[in-house]
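Survey of secondary and tertiary structure
Residues per chain are reported as follows:
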Amino acid sequence: YSIREELLNLGMLMKIIKKSGIAILLAVLFVGCKDKSEIITGPFLIKEGVLISQKSGDSVTGIAEWYYENGQLMERTEYRNGVMHGLSESYHPNGQLSYRGKYSSDIQIGVSEYYEDDGYLKVKYIPAGELLIHKFYTKAGNIDSIEPYKNGKLHGMLENFDSEGNLKEKKCYQDGEKVDISLCN
């Protein structure tokens, strides 16, 4: 819906309310008028970290899409003022989802996921305070390992699992160095 259509619908609603003689305090809701971002397909350039549409010369606000040569969608990412802001998804050439994550002002927020080209979830990245937890999975969907990182280095309790998802070993790391396990408890 366009805003014009929503205002016309709202006007018709007000006429119906007036005709029925009902006095109602309304909180105006534009039902069905959610933020519909424009889809922009490029070409793009990046200038000082900002995605610019080469067609308009403006920073991109909307959904930017890139495609493989065969026409298959490669990536779809939401941008605001030229920086990633919202959902980002990329796809393998066969159309399977490759990556899904969310961004706020170019900073990744929340859980992100990476998938293999056959569709199975390979790894989840989970923010946990100062740590970024890497959870790796087997093709059967069981946890393979849990690896905590801080500033790009292993930091905390690393856990490895067998093919059925049962814990088989724990190792403790601090700033990328393996240390005594008692330091992680």
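Right above here is the structure, for reference.
Residues numbered from 1 in each chain as written. Predicted model: local features only at pLDDT ≥ 70, side-chain atom pairs only at ≥ 80, totals over all residues. Heavy atoms only, no water.

1. Comments concerning the overall build of the protein
Per the secondary structure count, the protein includes one helix and 15 strands. Across the 185 residues of the protein, 29% fall into the buried class. Within the structure as shown, the protein displays about 12400 Å² of accessible surface, and the carbon and sulfur contribution to it stands at 52%. (Helix = DSSP H or I, 4+ residues; strand = E, 2+ residues; numbered from the N terminus. Buried < 20%, exposed > 50% of the residue type's maximum accessible area, 1.4 Å probe, protein only. Areas by Shrake-Rupley, 256 points an atom, 1.4 Å probe, with all protein chains shown as cover.)

2. Observations regarding the side chain of His155
Within the fold, His155 resides in the loop between β12 (153-154) and β13 (156-161). Within the structure, His155 has its side chain in polar contact with the backbone nitrogen of Asp175 (distance 2.9 Å). Leaving out residues up to four positions away in the same chain, His155 has contacts with Leu131, Pro148, Tyr149, Lys150, Tyr173, Gln174 and Asp175. (Polar contact = N/O pair within 3.5 Å; in protein donor to acceptor, adjacent residues only side chain to side chain. Contact = heavy atoms within 4.5 Å.)

3. Notes on the pattern of salt bridges
On inspection of all chains with the given rule, the structure shows six salt bridges. A salt bridge links Asp118 to Lys139; the shortest N-O distance between them is 2.5 Å. Placement of Asp118 in the loop between β8 (107-115) and β9 (121-128) and of Lys139 in the loop between β10 (131-137) and β11 (143-150) is noted, with a sequence separation of 21 residues between them. We note a salt bridge from Glu169 to Lys171, for which the minimum N-O separation is 3.9 Å. According to the relative accessible area criterion, Glu169 is partly exposed, its value standing at 32%. One salt-bridge network, held together by shared partners, links Glu89, Arg100 and Glu113. (Salt bridge = Lys/Arg side-chain N within 4 Å of Asp/Glu carboxyl O.)

4. Overview of the pairing of β9
Pairing of β8 with β9, which is carried by four bridges, proceeds in the antiparallel orientation. Across the sheet, Ser112 pairs through a bridge with Tyr125, a residue of β9. What sits between the antiparallel neighbours β8 and β9 is a turn of five residues, in which Gly119 has the positive phi angle 95°. Sheet topology note: the β9/β10 ladder contains six bridges and is antiparallel. Note on β10: the bridge partner recorded for Ala128 is Leu131. Between β9 and β10, which pair antiparallel one after the other, the connecting turn spans two residues, and Gly129 there sits at a positive phi close to 65°. (Pairing = 2+ DSSP bridges.)

5. Some thoughts on the packing of aromatic side chains
For the structure on display, the rule yields four aromatic pairs. Ring centres 5.5 Å apart and planes at 85° place the aromatic pair Tyr114 and Tyr125 in the edge-to-face group. Taken together, the residues Tyr114 in strand β8 and Tyr125 in strand β9 connect sequence positions 11 residues apart. Accessibility expressed as a relative area gives 34% for Tyr114, which makes it partly exposed. (Phe/Tyr/Trp six-rings, centres within 6.5 Å; stacked < 30°, edge-to-face > 60°.)

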